[in-house]
Amino acid sequence: TIARNAADRLAAMVDGYHLGELAQEIDKLIAFTDGRRIELRDVEELTTEALQRQIWDLIDAVIDGKAEYAFRLMQGMDEKNYPPQMLLSMIVRQHRQVILAQALLKEGATAQQIAERLHITHPFPRDKVINQASRYPAVRLERAYHRLLGADAAVKTGIMDIDTAIDLLIADLAQIVNAGRRRAP
């Protein structure tokens, strides 16, 4: 058995893309508790490190316009490992790669040619950026990139602190991405 707050904590730590990790962590918790009920302290003691969010999960959430999920991921990220300036630069980098991949797709480039031009050595990130480029309308992508440049300039000129800039940026990018998804009834 598992305490409700422990189950809630596990659920908050894992998304639908990491269910294999969740199963491993549950097995580990069962072995650790040796038949007693799994408590919140057990989850926090054993699984926090194992299920630590990765920066690419956050970047994908931002690209996909999932602001709420992106904010939840940011709450669980350790600022020592992922300082705000790194987050901002990674968000900008991924958008730049999507823009370049989109342009290359329009020119008729193959997946391998795109990978070579973008210096992507593994098929998974190559396929991900191509998928993002093919489903992100160019006009919204351009609008998002201008917003990214504005946030970067606001931080570098001292108009806005980086934490606020990232929070506003994530919300703004989600609004841009989701603008075409919502239709009036």
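The shown structure was predicted, so the numbers you read here are calculated from the model rather than taken from an experiment.

J.: Would you mind going over the overall build of the protein chain in detail, with residue names and values included?
T.: Along the backbone of the protein chain there are 10 helices and zero strands. From first element to last, N terminus to C terminus, the protein chain shows the α and β order α-α-α-α-α-α-α-α-α-α. Classification of the 185 residues of the protein chain by burial places 43% in the buried group. Within the protein chain, contacts between residues separated by at least 24 positions form 69% of all contacts whose residues are at least 6 apart in sequence. In the form shown here, the protein chain has an accessible surface area of approximately 10900 Å², with 55% of it arising from carbon and sulfur atoms.

J.: Can you tell me about the pattern of salt bridges, naming the residues and giving the values?
T.: Inspection of the entire model under this criterion finds nine salt bridges. With its nearest N and O atoms 3.8 Å apart, the salt bridge here joins Asp8 to Arg4. Of this pair, Asp8 and Arg4 both sit in helix α1 (residues 4-13), four residues apart, which is roughly one turn of that helix. Residue Arg4 is classed as exposed on the basis of its relative accessible area, which comes to 67%.

J.: An account of the packing of helix α6 (residues 84-106) against helix α7 (residues 111-118) is needed here, citing residue identities and associated values.
T.: At a closest axis distance of 10 Å, the pairing of α6 and α7 adopts a crossing angle of 140°. Here α6 lies oblique to α7, going by the angle between them. Considering only the axes of α6 and α7, their crossing is right-handed. Contact residues: Gln97, Leu100, Ala101, Leu104 and Leu105 in α6; Ile114, Arg117 and Leu118 in α7.

J.: How would you sum up the environment of His122? Please name residues and give values.
T.: Within the secondary structure, His122 sits in the loop between α7 and α8 (123-135). His122 gets classed as partly exposed once you look at its relative accessible area, which sits at 47%. Looking at His122, its side chain comes within polar contact range of the main-chain nitrogen of Phe124, at 3.0 Å.

J.: Now, about α6: what can you tell me, with residues and values included?
T.: Between its first and last C-alpha, α6 extends 33 Å over 23 residues, near the 33 Å set by a 1.5 Å rise per residue. What α6 keeps buried is the set Pro84, Leu87, Leu88, Ile91, Val92, Gln94, His95, Gln97, Val98, Ala101, Gln102 and Leu104. Each element contacted by the buried residues of α6 is listed here: α4 (55-63), α7, α8, α9 (138-156) and α10 (162-178). Of the residues trailing α6, Gly108 is marked for its positive phi of about 90°.

J.: Break down the nonpolar core for me, citing the residues and quoting the values.
T.: Core analysis: the largest hydrophobic core is formed by 43 residues, its most contacted members being Leu58, Val62, Leu87, Ile114, Val129, Leu148 and Leu173. The set of elements that each furnish at least two residues to this core consists of α4, α5 (67-76), α6, α7, α8, α9 and α10. Leaving out residues up to four positions away in the same chain, Ile114 has contacts with Ala101, Leu104, Leu105, Ala109 and Ile130. Core analysis: the second largest hydrophobic core is formed by eight residues, Ala6, Leu22, Val43 and Leu46 among them.

The rules we used
Residues numbered from 1 in each chain as written. Predicted model: local features only at pLDDT ≥ 70, side-chain atom pairs only at ≥ 80, totals over all residues. Heavy atoms only, no water. Helix = DSSP H or I, 4+ residues; strand = E, 2+ residues; numbered from the N terminus. Buried < 20%, exposed > 50% of the residue type's maximum accessible area, 1.4 Å probe, protein only. Contact = heavy atoms within 4.5 Å. Areas by Shrake-Rupley, 256 points an atom, 1.4 Å probe, with all protein chains shown as cover. Salt bridge = Lys/Arg side-chain N within 4 Å of Asp/Glu carboxyl O. Axes fitted to C-alpha atoms, helices over the stretch in contact; angles between N-to-C directions. Parallel < 35°, antiparallel > 145°, perpendicular 65-115°, else oblique. Left-handed = near helix turned anticlockwise from the far one by under 90°. Polar contact = N/O pair within 3.5 Å; in protein donor to acceptor, adjacent residues only side chain to side chain. Expected span 1.5 Å × (residues − 1). Core = buried A, V, L, I, M, F, W, Y, C linked by side-chain atoms within 4.5 Å.

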